[in-house]
Amino acid sequence: MDLYSGHINRLIDELAALPGIGGKSAQRLAFYIINMPKDRVERLTKSISNARENVHYCKKCCTLTDDEICPICANEKRDHKTIMVVENTRDLAAYEKTGKYEGIYHVLHGTISPMLGVGPGDIKLAELVKRISEENTEEVIIATGSSLEGETTAMYISKLIKPTGIKVTRIASGIPVGGDLEYIDEVTLLRALEGRTEL
Ligand code: ZN
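Residues numbered from 1 in each chain as written. Predicted model: local features only at pLDDT ≥ 70, side-chain atom pairs only at ≥ 80, totals over all residues. Heavy atoms only, no water.

Asks: Quick rundown of the overall build of the protein chain? Include the residues and the values.
Replies: Within the protein chain one finds eight helices and seven strands. With the C-alpha coordinates of the protein chain rotated into their principal frame, the extents come out at 65 × 35 × 35 Å. Taking the 25 positively charged and 29 negatively charged side chains of the protein chain as two groups, their mean positions are separated by 2 Å. (Helix = DSSP H or I, 4+ residues; strand = E, 2+ residues; numbered from the N terminus. Lys, Arg positive; Asp, Glu negative; His and termini not counted. Charge placed at Lys NZ, Arg CZ, Asp CG, Glu CD.)

Written out as structure tokens, the structure is:
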């Protein structure tokens, strides 16, 4: 027997399918939404569809942005000769929050994971290689996490780029194994960046 109406059940199912939201949270959110004023619900649904519709990859660094070229790539004051390679846009945001990194980024949108069947062709690696062959990059800082996948990806990128003669560095492993960059405090991030070593 269904405890709730079909519409409520569908909403709960959709919410429960989101990452990090279990059945109980989905129920709580569903009832919260149902009790929200209608205009707030409208704002929420609009912001979801607008984000989905209008956010895309920056043509240079592949981060998520509203513009063709993201504000970081478009900023001429940044050091365009140093590219930091991160796993995702949230990691980029974590480094940006420190306010101390002046280079630009490249966002992979994932890591190589043979276990999950994610190969080099499934992340934004070809875009990185193409970029550095066209721009006068002097250093590529690999800032993927220290999980097995993060390390595998770092090794792969290093092998790919080193033959070009461009300096390849890896952030220091002050970051806990499997640690999500996003949750690491700014001091630790900066220390990892400053303590980077050449591969
Ligand atoms: Zn960009």
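Asks: Summarise the domain arrangement of the protein chain; cite the residues concerned and give the values.
Replies: We note that the domain assignment places domain 1 (1-38) and domain 2 (76-194) within the protein chain. Taking only C-alpha atoms, the centre of domain 1 and the centre of domain 2 are 37 Å apart. (Domains from an automatic or database assignment.)

Asks: Kindly report on a nonpolar patch on the surface, identifying the contributing residues and their values.
Replies: There is a patch of nonpolar side chains on the surface, built from Val129, Tyr156 and Leu160 and spanning about 220 Å² of accessible area. Assignment of secondary structure puts Tyr156 in helix 7 (residues 148-161). (Patch = residues over 30% accessible without salt bridge, like charges linked within 9 Å, V, L, I, M, F, W, Y side chains within 5 Å. Areas by Shrake-Rupley, 256 points an atom, 1.4 Å probe, with all protein chains shown as cover. Salt bridge = Lys/Arg side-chain N within 4 Å of Asp/Glu carboxyl O.)

Asks: I'd like to hear about the coordination of the zinc ion, residue by residue, with values.
Replies: The zinc ion binds to the protein through Cys58 (SG), Cys61 (SG), Cys70 (SG) and Cys73 (SG); the donor distances cover 2.3 to 2.4 Å. Viewed at the metal, the four donor atoms of the zinc ion are separated by angles of 105 to 116°, and the geometry they form is tetrahedral. We note that the donor set of the zinc ion lies within a single chain, spaced as C-x2-C-x8-C-x2-C. With Cys61 in the loop between strand 1 (56-57) and strand 2 (64-65) and Cys73 in helix 4 (residues 71-74), this residue pair connects regions lying twelve residues apart in the sequence. (Donors = N, O, S within 2.8 Å, 3.2 Å for Na, K, Ca; no water. Tetrahedral: all angles 85-135°; square planar, octahedral: opposite > 155°, others 65-115°.)

Asks: Tell me what's going on with the packing of aromatic side chains, and back it up with residues and numbers.
Replies: Inspection of every chain in the model, using the stated rule, returns two aromatic pairs. Aromatic pair Tyr4 and Phe31: ring centres 5.1 Å apart, planes at 75°, arrangement edge-to-face. With Tyr4 in the segment before helix 1 (6-16) and Phe31 in helix 2 (residues 23-34), this residue pair connects regions lying 27 residues apart in the sequence. Residue Tyr4 is classed as partly exposed on the basis of its relative accessible area, which comes to 28%. (Phe/Tyr/Trp six-rings, centres within 6.5 Å; stacked < 30°, edge-to-face > 60°. Buried < 20%, exposed > 50% of the residue type's maximum accessible area, 1.4 Å probe, protein only.)

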